[in-house]
Amino acid sequence: MYPANVYLFKDIPILMKLAVLFSGGKDSTFAAYLAREHEHAISCLIAIFSENPESYMFHTPSISKVKKQAESANIPLIIQKTKGDKEIELKDLNFAIQKAKDKYRIDGIVTGAVESAYQASRIQKICYGLDLDCFNPLWQKDQFELLKDLIENNFEIIITGVYAYPLDETWLDRAIDKTFLDDTIMLHEIYKINPAGEGGEFETFVLNCPLFTRALKISDKKIYGKKNSWTMEIEVT
Amino acid sequence: MILLIKICKIPFHYFEFVKPIEDVLKKLNIEFITVHYNDLTSEMFSKADRVIISGTSLKDNSFLDDIYKFDWIKEFDKLVLGICGGMHILGLIYDGKLKEVKEIGLKTINFNEEFFGFNGETDVYELHNLCVESSEFDVIAISEECPQAIKHKHRLLYGVLFHPEVRNKKLIERFVKC
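Note that the structure is a prediction, hence the values are computed from the model and not measured. (Residues numbered from 1 in each chain as written. Chains lettered and ligands numbered in written order. Predicted model: local features only at pLDDT ≥ 70, side-chain atom pairs only at ≥ 80, totals over all residues.)

Enquirer: Hey, could you run me through the overall build of chain B in this one?
Expert: Helix and strand counts for chain B come out as six helices and nine strands. In terms of C-alpha radius of gyration, chain B reaches 15 Å, essentially the compact-globule figure of 16 Å for 178 residues. Taken along its principal axes, the extent of the C-alpha atoms in chain B is 40 × 35 × 35 Å. Per-residue burial over chain B gives 48% buried out of 178 residues. Sequence-distant contacts in chain B: of pairs separated by 6 or more residues, those separated by 24 or more amount to 70%. (Helix = DSSP H or I, 4+ residues; strand = E, 2+ residues; numbered from the N terminus. Rg over C-alpha atoms; globule rule 2.2 N^0.38 Å. Buried ≥ 20, exposed ≤ 12 C-beta atoms within 10 Å, placed from the backbone. Contact = placed C-beta atoms within 7 Å.)

Written as structure tokens, this is what we have:
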């Protein structure tokens, strides 16, 4: 009934040089993967490190871990630190994207935005101002479909944070696999938890995926938190 | 059958501007076919009960050079919904004029009459740098900047400048079911 891969039907592929706004979690990594599947060149990753834990825009683990991911993917990484104040964050993001444009002559930006109109519209505005195209390949994507796609495409992802009732520390260090998918379907039915975690319910970290040349290994972990807010700090090699 | 026409020049934009519309149709279990406007055939039109023309990215206005490829709109006697770039096309086919107007993000617009179940103040997601004005269409909704929903005065042609596949999926549901 539904034609398969209709988006490739008779289209003329136009290849672009793209930078990916990269957090090290499942969404931005899968967005990068889709860009490469469409034969675009990923010129660089851009990671923003906000000092504000409440940042509306950025959820990024420590710099060292993202560096390891970029190394494994063999893609240059632009690191931008920001104080995390709302408007300063946007200026810093603008600066980082401008840097990617100057250094790598990129044609556009890729993001892992799924639902957040706040995030998506601000990045769209920055791209428009810098005369860059903007790609949001996960935009409005069904959350269970996203998890299934990650599993089917051999993404190895672990849960590094949980921040909503009734999630607790037992969810930390879990892999996104079929059992995780089934459990989140149940959670969604009972508690309306967003299974892909874009509402901030879950933080994830990608240990391996088709973009990487080698899998990252967890060398150390520290768990802290209380009630329904838990974080697992990891070190990877 | 719904004929969903995509206007994206770069196939990678499919995920943002076409797939969310497909997902609405899949949820309703409605049969559809998605095709780029360069690949349309007369057989597709004869099978289609309705047509939806998608939007595309801010940087991708290449379809504006191909407006003559949409002349079929004047002959097609069933319902057509144009979304963003799709609305530009409807207006331009009927001698409309484009204006540079940029709106990005969530915005409240005002429907002055019922339009596929929406009426009065409504929050919508905007992503455009142009808008179209054509005297052949009645304006059903406006923002502070420009027409947001239009209906042809004599034909079954409807256009929305905002992206209903983001925050107003019901509009697409009602369009395909009405």
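Enquirer: Teacher, can you tell me more about the overall build of chain A here?
Expert: Assigned secondary structure in chain A consists of six helices and nine strands. Against the compact-globule benchmark of 18 Å for 237 residues, chain A has a radius of gyration of 17 Å, which places it among compact chains. Residue burial in chain A is summarised as follows: out of 237 residues, 48% are buried. Pairs at least 24 apart in sequence give 72% of the contacts found in chain A among residues at least 6 apart.

Enquirer: Help me understand the packing of helix α5 (residues 143-152) of chain A against helix α6 (residues 178-191) of chain A, please; the structure alone is not making it clear to me.
Expert: Packed helices, taken two at a time, are described by their axes: the angle between them and the distance between them. Residues and elements named next belong to chain A. Where α5 meets α6, the axes come as close as 10 Å, and the angle between the chain directions of the two elements is 175°. Classed by the angle they form, the pair α5 and α6 counts as roughly antiparallel. Between α5, through Phe144, Leu147, Lys148 and Ile151, and α6, the contact on the second element is made entirely by Lys178, Leu181, Thr184 and Ile185. In the contact of α5 with α6, the residues fall into five nonpolar, one polar and two charged. (Axes fitted to C-alpha atoms, helices over the stretch in contact; angles between N-to-C directions. Parallel < 35°, antiparallel > 145°, perpendicular 65-115°, else oblique. Nonpolar A, V, L, I, M, F, W, Y, C, P; charged D, E, K, R; others polar.)

Enquirer: For this particular structure, what's the right way to read the pairing of strand β6 (residues 118-133) of chain B?
Expert: Note on strand geometry: in a regular strand, side chains alternate between the two faces of the sheet. Residues and elements named next belong to chain B. Here strand β5 (residues 97-115) pairs with β6 via 14 bridges, running antiparallel. When the sheet's bridge partners are listed, Leu98 is paired in β6 with Val132. What sits between β5 and β6 in their antiparallel hairpin is a turn of two residues, with Phe116 showing a positive phi close to 45°. (Pairing = 2+ DSSP bridges.)

Enquirer: Explain the sheet that holds strand β6 (residues 156-162) of chain A to me, please; I cannot follow it from the model alone.
Expert: Think of a sheet as strands paired side by side through backbone hydrogen bonds, with each pair either parallel or antiparallel. Residue and element names in this part refer to chain A. Taking strand neighbours across the sheet as the criterion, the four strands line up as β7-β6-β9-β8 in an open arrangement whose pairing is antiparallel. Looking along the sheet, the strands with just one partner apiece sit at the ends: β7 (202-208) and β8 (218-226). Taking each pair of neighbouring strands and ignoring which way they run, the sheet shows an average axis angle of 30°. The pairing of β8 with strand β9 (residues 229-236) spans eight bridges and is classified as antiparallel. Looking across to β9, one finds that Lys226 is bridged to Ser229.

Enquirer: Just to check I follow, could you spell out the interface of chain A and chain B for this structure?
Expert: Interface size is commonly expressed as the accessible area that is lost once the parts come together. Counting from both sides, the interface comprises 28 residues of chain A and, opposite them, 28 residues of chain B. Elements with a minimum of two residues in the side of chain A that touches chain B: α1 (26-37), α4 (117-129) and β5 (133-135) of chain A.

Enquirer: What exactly am I supposed to notice about the domain arrangement of chain A here?
Expert: Residue and element names in this part refer to chain A. When its domains are assigned, chain A resolves into domain 1 (14-135) and domain 2 (143-236). Domain 1 and domain 2 are separated by 21 Å when their C-alpha centres are compared. When contributions to the side of domain 1 that touches domain 2 are tallied by element, the ones reaching two or more residues are α1 and α2 (63-73). Sorting elements by how many residues they give to the side of domain 1 that touches domain 2 places α1 first, with seven residues. Counted by class, the side of domain 1 that touches domain 2 contains six nonpolar, eight polar and six charged residues. (Domains from an automatic or database assignment.)

Enquirer: Just to check I follow, could you spell out the nonpolar core for this structure?
Expert: Among soluble globular proteins, nonpolar side chains are generally buried collectively. Residue and element names in this part refer to chain A. Residues Leu18, Ala19, Val20, Ala32, Ala35, Ile46 and Ile109 are the most contacted members of the largest nonpolar core, which totals 120 residues. For this core, the two domains that each supply at least three residues are domain 1 (14-135) and domain 2 (143-236). When near neighbours in sequence (up to four residues on either side) are disregarded, Leu18 contacts Ala35, His40, Ala41, Ile42, Ser43, Ile106, Asp107, Gly108, Ile109, Val110 and Phe135. (Core = buried A, V, L, I, M, F, W, Y, C linked by C-beta atoms within 7 Å.)

Enquirer: Explain the packing of helix α2 (residues 19-27) of chain B against helix α6 (residues 169-177) of chain B to me, please; I cannot follow it from the model alone.
Expert: Residue and element names in this part refer to chain B. Following both chains from N to C, one finds α2 and α6 inclined at 55°, their axes separated by 10 Å at the closest point. Considering their axes alone, α2 and α6 lie oblique with respect to each other. The element α2 and its partner α6 pack so that their crossing is right-handed. Contacts between α2 and α6 pair Ile21, Val24 and Leu25 from the former with Lys169, Ile172, Glu173 and Val176 from the latter. Each residue belonging to the contact of α2 with α6 can be placed in one class, and the counts come to five nonpolar, no polar and two charged. (Left-handed = near helix turned anticlockwise from the far one by under 90°.)

Enquirer: Help me understand helix α3 (residues 86-104) of chain A, please; the structure alone is not making it clear to me.
Expert: In an α-helix, one turn spans 3.6 residues; hence positions three or four apart end up facing the same way. Residue and element names in this part refer to chain A. Its 19 residues give α3 an end-to-end C-alpha distance of 27 Å, which sits within 8% of 27 Å, the value for a rise of 1.5 Å per residue. The complete set of buried residues in α3 reads Glu89, Asp92, Leu93, Ala96, Ile97, Ala100 and Lys101. Taken from the residues just after α3, Arg105 is the one with a positive phi, measuring 55°. (Expected span 1.5 Å × (residues − 1).)

Enquirer: Help me understand unusual backbone geometry in this model?
Expert: Excluding glycine, a negative phi dihedral is what most residues carry, and trans is how most peptide bonds are arranged. Residue and element names in this part refer to chain A. The amide bond that connects Tyr165 to the next residue, Pro166, takes the cis arrangement and shows omega of 5°. The topology assignment puts Pro166 in the loop between β6 and α6. Although it is not a glycine, Arg105 sits at a positive phi angle of roughly 55°. Mapped onto the fold, Arg105 is located in the loop between α3 and β4 (108-110). One non-glycine residue, Asp173, adopts positive backbone phi at about 70°. Tracing the backbone through its elements, the reader meets Asp173 in the loop between β6 and α6. Given 14 C-beta atoms within a 10 Å radius, Asp173 is considered partly exposed.

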